[in-house]
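# Commentary on secondary and tertiary structure
Listed below are the residues making up each chain.
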Amino acid sequence: MEHVIYTHSEEETEQVAAELGKRLFPGAVVLLQGDLGAGKTVFARGVGQGLGVATHIQSPTFTLMNAHQGRIPFYHFDLYRLESEEELFELGMEEYLDGDGVSLLEWAEKFPEYFTLPVLQVTIEVLSATKRRLVLRADAGPYEQVITALAAGGTKR
């Protein structure tokens, strides 16, 4: 299943992501893709808002992972600096993916063989200085339900 949403500002992107965050569940895994500057951290900030996170959300580029508490834990990863799957094991990635929170991973496309479990894929494409195309893809029941609920909530297709 695929759903496409167009946004025209950072605020709109954040708002769509917040609506998504409201619908995510314990154990959810979101793989977030997009070029540098596409708005991945803006999207992560919105997901955090939807999960009820009150702390500031920034890119974990140098720390690799930031944990936040909302209605359920929110684990925000940035895998840009990692070079091998071994480093994912060293991070204890599997504990987070099988955990009680939502894991959002930027740059997960660097390790396609590692992320084989059902996930929600979100790709952010830059169309102009302010316009973005968000493509949400899912191939498993709970994520398809999230996309269906988001689409029914009035997001622009």
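Okay, so let's go over this structure.

Conventions used here
- Residues numbered from 1 in each chain as written.
- Predicted model: local features only at pLDDT ≥ 70, side-chain atom pairs only at ≥ 80, totals over all residues.
- Heavy atoms only, no water.
- Core = buried A, V, L, I, M, F, W, Y, C linked by side-chain atoms within 4.5 Å.
- Buried < 20%, exposed > 50% of the residue type's maximum accessible area, 1.4 Å probe, protein only.
- Contact = heavy atoms within 4.5 Å.
- Axes fitted to C-alpha atoms, helices over the stretch in contact; angles between N-to-C directions.
- Helix = DSSP H or I, 4+ residues; strand = E, 2+ residues; numbered from the N terminus.
- Parallel < 35°, antiparallel > 145°, perpendicular 65-115°, else oblique.
- Left-handed = near helix turned anticlockwise from the far one by under 90°.
- Nonpolar A, V, L, I, M, F, W, Y, C, P; charged D, E, K, R; others polar.
- Pairing = 2+ DSSP bridges.

### A look at the nonpolar core
Of all hydrophobic cores here, the largest spans 48 residues; its most connected members are Leu24, Phe43, Leu79, Leu105, Phe115 and Leu120. With near-sequence residues (within four places) excluded, leucine 24 lies in contact with Val30, Val47, Leu51, Arg71, Ile72, Val102, Leu120 and Val146.

### Observations regarding the packing of helix α1 (residues 10-23) against helix α5 (residues 141-152)
Across the interface, α1 lies against α5 with an axial gap of 10 Å and an inter-helix angle of 130°. When the axes of α1 and α5 are compared, the pair comes out oblique. Note that α1 runs across α5; the crossing there is right-handed. Residue-level inspection shows Val16, Glu19, Leu20 and Arg23 of α1 in contact with α5, the latter providing Val146, Ala149 and Leu150. Class assignment of the residues belonging to the contact of α1 with α5 gives a composition of 5 nonpolar, no polar and 2 charged.

### As for the sheet that holds strand β6 (residues 120-126)
Strand order across the open sheet formed by 7 strands is β1-β7-β6-β2-β5-β4-β3, with mixed pairing between neighbours. The sheet terminates laterally at β1 (2-7) and β3 (65-69), the two strands that pair on one side only. Pairwise comparison of adjacent strand axes, ignoring direction, gives a mean angle of 20° for this sheet. The sheet contact formed by strand β2 (residues 29-34) and strand β5 (residues 102-106) spans 4 bridges and is parallel.

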